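# Observations on the model geometry
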Amino acid sequence: MTAAAASDADLIAAHAAGDPRAFSELVHRHRDRMWAVALRTLRDPEEASDALQEAFISAFRAASSFRAESQVTTWLHRIVVNACLDRVRRRQARPTVPLPETGPGEPTTNRDAMSDRETKLVVQNALSELSEEQRVPIVLVDVEGYSVAETAKMLGIAEGTVKSRCARGRAKLAKVLGHLRNPDADANVPGDVGGRRDLRRMRHWEGS
């Protein structure tokens with residue numbers, strides 16, 4: 001079986017057994033998604049890059065202790081989130097700089113694509129206004145699609161705490177992002193549901 005055809009669990013086992021290529025293949029598969037989690041959590045590309053590097057080093061060293069009690073992606077997410085939270089605790093408060101909407105030399109896009117980008121940027125900026133304790137569970141549950149139980153395990157907190165933090169964060173997001181929704185369609189929708197809907201749209205845009 002080639003590395004590309006092996007499952008994530010097979011790659012972890014092969015790495016623990018000494019295969020020098022197995023972990024590189026695992027990083028190649030999941031780096032983009034883990035980078036997105038780190039960036040949404042820290043809101044600083046340099047901090048996110050450092051946290052991701054620390055997380056993969058930790059995963060490299062800890063692979064032999066992986067017991068397949070959860071999916072490899074869940075295990076990696078837990079390590080990345082913990083690395084991000086460690087950096088949050090260590091760093092001094094400093095202003096964040098919004099990510100640029102386009103990079104140098106990026107080709108022009110049609111109006112619909114530009115509108116989607118603008119909306120995605122608004123959602124990202126709204127997420128950045130939440131505290132870390134609210135933003136992290138919302139990113140894991142509403143953007144990454146993990147269950148409340150999985151998120152609670154990753155963060156080392158009670159499931160009820162995850163639910164309450166998500167609810168408070170969604171209520172804040174619903175106020176900030178209310179202009180993105182159809183007011184007639186959402187007239188009777190609770191704030192936390194509206195906030196979750198906007199985040200699901202963001203997840204859809206990023207997957208398209």
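In this text the structure is predicted, and so the values were computed from the model without any measurement. (Residues numbered from 1 in each chain as written. Predicted model: local features only at pLDDT ≥ 70, side-chain atom pairs only at ≥ 80, totals over all residues. Heavy atoms only, no water.)

### Concerning the pattern of salt bridges
Enumeration over the complete set of coordinates arrives at 12 salt bridges. Between Glu144 and Arg40 there is a salt bridge, with the nearest N and O atoms lying 2.9 Å from each other. Of the two residues, Glu144 sits in the loop between α6 (132–143) and α7 (148–155) while Arg40 sits in helix α2 (residues 22–42), which places them 104 residues apart along the sequence. Each member of the salt-bridge network shares a partner with another, and the members are Glu47, Asp50, Glu54 and Arg87. (Salt bridge = Lys/Arg side-chain N within 4 Å of Asp/Glu carboxyl O. Helix = DSSP H or I, 4+ residues; strand = E, 2+ residues; numbered from the N terminus.)

### Brief notes about the packing of aromatic side chains
Under the defined criterion, the tally for this structure stands at two aromatic pairs. Between Phe23 and Phe60, the ring centres sit 5.3 Å apart and the planes meet at 90°, which makes this aromatic pair edge-to-face. Residue Phe23 is found in helix α2, and its partner Phe60 is found in helix α3 (residues 45–62); the two are separated by 37 residues along the sequence. (Phe/Tyr/Trp six-rings, centres within 6.5 Å; stacked < 30°, edge-to-face > 60°.)

### Re helix α4 (residues 72–90)
Relative to the 27 Å expected for 19 residues at 1.5 Å per residue, α4 spans 27 Å between its end C-alpha atoms, a close match to the ideal helical length. The element α4 is extensively covered by neighbouring structure, given that 15 of its 19 residues are classed as buried. (Expected span 1.5 Å × (residues − 1). Buried < 20%, exposed > 50% of the residue type's maximum accessible area, 1.4 Å probe, protein only.)

### A short note on the packing of helix α1 (residues 8–16) against α4
Where α1 meets α4, the closest approach of the two axes is 9 Å, and the angle between their N-to-C directions is 65°. In terms of axis orientation, α1 runs roughly perpendicular to α4. Contacts between α1 and α4 involve Asp8, Ala9 and Ile12 from the former and Val72, Thr73 and Trp75 from the latter. In terms of residue class, the contact of α1 with α4 is made up of four nonpolar, one polar and one charged. (Axes fitted to C-alpha atoms, helices over the stretch in contact; angles between N-to-C directions. Parallel < 35°, antiparallel > 145°, perpendicular 65-115°, else oblique. Contact = heavy atoms within 4.5 Å. Nonpolar A, V, L, I, M, F, W, Y, C, P; charged D, E, K, R; others polar.)

### What about the confidence of the model for the protein chain?
Of the residues in the protein chain, 69% have a pLDDT of 70 or more, and the chain-wide mean is 77. The weakest mean pLDDT in the protein chain belongs to helix α9 (residues 191–207) at 55; the strongest belongs to α3 at 94. Ignoring residues within four places in sequence, the model shows residues 95–109, a span with pLDDT below 50, making 13 contacts including any to other chains. Across residues 183–189 the pLDDT falls below 50, and counting only partners more than four positions away or on other chains, this stretch makes four contacts in the model. (pLDDT = per-residue confidence, 0-100.)

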